[in-house]
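# Remarks on the overall topology
The residues making up each chain are set out below.
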Amino acid sequence: MYNRKFDTVKGKWYKNEYRILKLLGKGGIGEIYLATHEKRGLVALKLSKSMLSITREYDTIKKYKGKGFAPIVYELDDWQCNGETYHFFVMEYIKGYNLAEAMKKHMPLELKIRIFMIILRIIEDINETGLIYSDIKHENIMVDYNNMVIRLVDFGSLVPIGENIKEYTPLYDRCSWGLGPRVADLTYQVFSAAILLMTLLADSVSLVGIGSISSVLKTLEKNNVPKSLSNLICKALKGQIKSCHVFLEKLKDIDLNEKKKTCRLNIALDAIIASLLFLLVAVLIKIRHLN
């Protein structure tokens, strides 16, 4: 959005000066930088030309003060550069890695589900305040090195229930799939969460593309996902699961060892069939000798 030709950002009102170290990310309304402050040390600084958007996000994060999933925010200020006014807020820098980076490491199915259940609880917490997290995706979910907890880093896409959604990523958007309107409701949230789970199970975002429910089943089958879990995801995509709370409760009932049990049962059946065949051959041989 902006050409970075600056090394420092100094607040117009609070006069705090931040030295910019590097760009951390960019979105629809602004950019986030890693910066340093003489007293606070490393911080994340979000900069935007939109006062409304930056103020709303700042106020939203403050609303979740004390919640483990939200970063601490320090200040909201303006900055003037080359005759233009920018707006920014400063927040805690979360040292860690996002979910996309975490997925590069091999994780067993049980761990993936455990991580997803934590994320679902966080989303449920947000939904209970009357908001939908419309742009939930791997890049916005961090694993905090210091506390080893799941944190969210972008609160700009929180939308009041009932309003139209403007900030989204097509893969997680049910309207892009042709499976419902782009309106902030609980089933929209469940849909995006189900896609997040699917990408976790597939070990890669790039392996999951916008398609149909049948293509989802093929992707899950290819990754040896238990059938009961695949069916639950499909129900979530179809809008048959009405909230993240219901999704979480149903997920708790899934038997993750289903595949292993089926495999063990098949091995046992194969052994029984082999034994019966052996006995049948032995009987036929004995009959032949008697004749």
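Residues numbered from 1 in each chain as written. Predicted model: local features only at pLDDT ≥ 70, side-chain atom pairs only at ≥ 80, totals over all residues. Heavy atoms only, no water.

Counting its secondary structure elements, the protein chain contains nine helices and 11 strands. Here the protein chain holds 291 residues, and the buried ones make up 45% of them. Put simply, of all contacts in the protein chain between residues at least 6 apart along the chain, 58% involve residues at least 24 apart. Counting only carbon and sulfur atoms, one obtains 55% of the accessible surface of the protein chain, whose full area is about 15,700 Å². (Helix = DSSP H or I, 4+ residues; strand = E, 2+ residues; numbered from the N terminus. Buried < 20%, exposed > 50% of the residue type's maximum accessible area, 1.4 Å probe, protein only. Contact = heavy atoms within 4.5 Å. Areas by Shrake-Rupley, 256 points an atom, 1.4 Å probe, with all protein chains shown as cover.)

Side-chain pairs of opposite charge can arise whenever the charged atoms involved come near each other. Following the criterion strictly, the structure yields 12 salt bridges and no others. Between E75 and R40 there is a salt bridge, with its nearest N and O atoms 3.2 Å apart. Highlighted residues: E75 in strand β5 (residues 73–81) and R40 in the loop between β3 (31–37) and β4 (41–48), separated in sequence by 35 residues. Residues R174 and D185 are paired through a salt bridge, measuring 2.8 Å at the closest nitrogen-oxygen approach. Residue R174 is located in helix α4 (residues 174–177), and its partner D185 is located in the loop between α4 and α5 (186–202); the two are separated by 11 residues in the primary sequence. By relative accessible area, which is 6% here, R174 ends up buried. Among the residues examined, D185 registers a relative accessible area of 22% and is labelled partly exposed. Through salt bridges with shared partners, one network takes in K46, E57 and D154. (Salt bridge = Lys/Arg side-chain N within 4 Å of Asp/Glu carboxyl O.)

So, about the sheet that holds strand β7 (residues 96–98). Backbone hydrogen bonds are what pair the strands of a sheet, in a parallel or an antiparallel way. Spatially, the three strands line up as an open sheet ordered β7-β9-β10, and their pairing is antiparallel. Two strands bound the open sheet, and with one partner strand each, they are β7 and β10 (150–152). The sheet shows a mean angle of 35° between the axes of neighbouring strands, taken without regard to direction. Sheet topology places β7 next to strand β9 (residues 141–144); three bridges connect them, and they run antiparallel. Each residue of the ladder has a partner; that of Y97, found in β9, is V143. With respect to the sheet, helix α3 (residues 109–127) is in contact with β9 and β10, its orientation differing from that of β10 by roughly 40°. (Pairing = 2+ DSSP bridges. Axes fitted to C-alpha atoms, helices over the stretch in contact; angles between N-to-C directions.)

Attention now goes to the nonpolar core. Most often, soluble globular proteins keep nonpolar side chains buried together rather than apart. Membership of the largest hydrophobic core comes to 63 residues, with the highest contact counts inside it found for F116, I126, L152, L229, I233, F247 and L251. Broken down by element, this core gets its largest block of residues, 10 residues, from α5. Lining this core are residues from two domains, each supplying at least three of them: domain 1 (8–92) and domain 2 (96–283). Ranked by size, the runner-up nonpolar core spans 14 residues in total, among them I20, A35, V43 and V90. (Core = buried A, V, L, I, M, F, W, Y, C linked by side-chain atoms within 4.5 Å. Domains from an automatic or database assignment.)

Per the stated rule, a full pass over the model turns up nine aromatic pairs. Here the aromatic rings of W177 and F191 are separated by 5.9 Å at their centres, their planes lie at 75°, and the arrangement is edge-to-face. Here F191 lies in helix α5 and W177 lies in helix α4, a separation of 14 residues in the sequence. Judged by relative accessible area, which is 8%, W177 ranks as buried. The class for F191 is buried, based on a relative accessible area of 1%. Three or more aromatic residues joined by ring pairs make a cluster, and in this case those are Y64, F69, Y133 and F155. In this structure, K105 is placed above the aromatic ring of Y97, and the distance from its NZ or CZ to the ring centre is 4.6 Å. Stacked on the ring of Y168, the Lys or Arg R182 has its end atom at 4.1 Å from the ring centre. (Phe/Tyr/Trp six-rings, centres within 6.5 Å; stacked < 30°, edge-to-face > 60°. Lys NZ or Arg CZ within 6 Å of the ring centre and 35° of its normal.)

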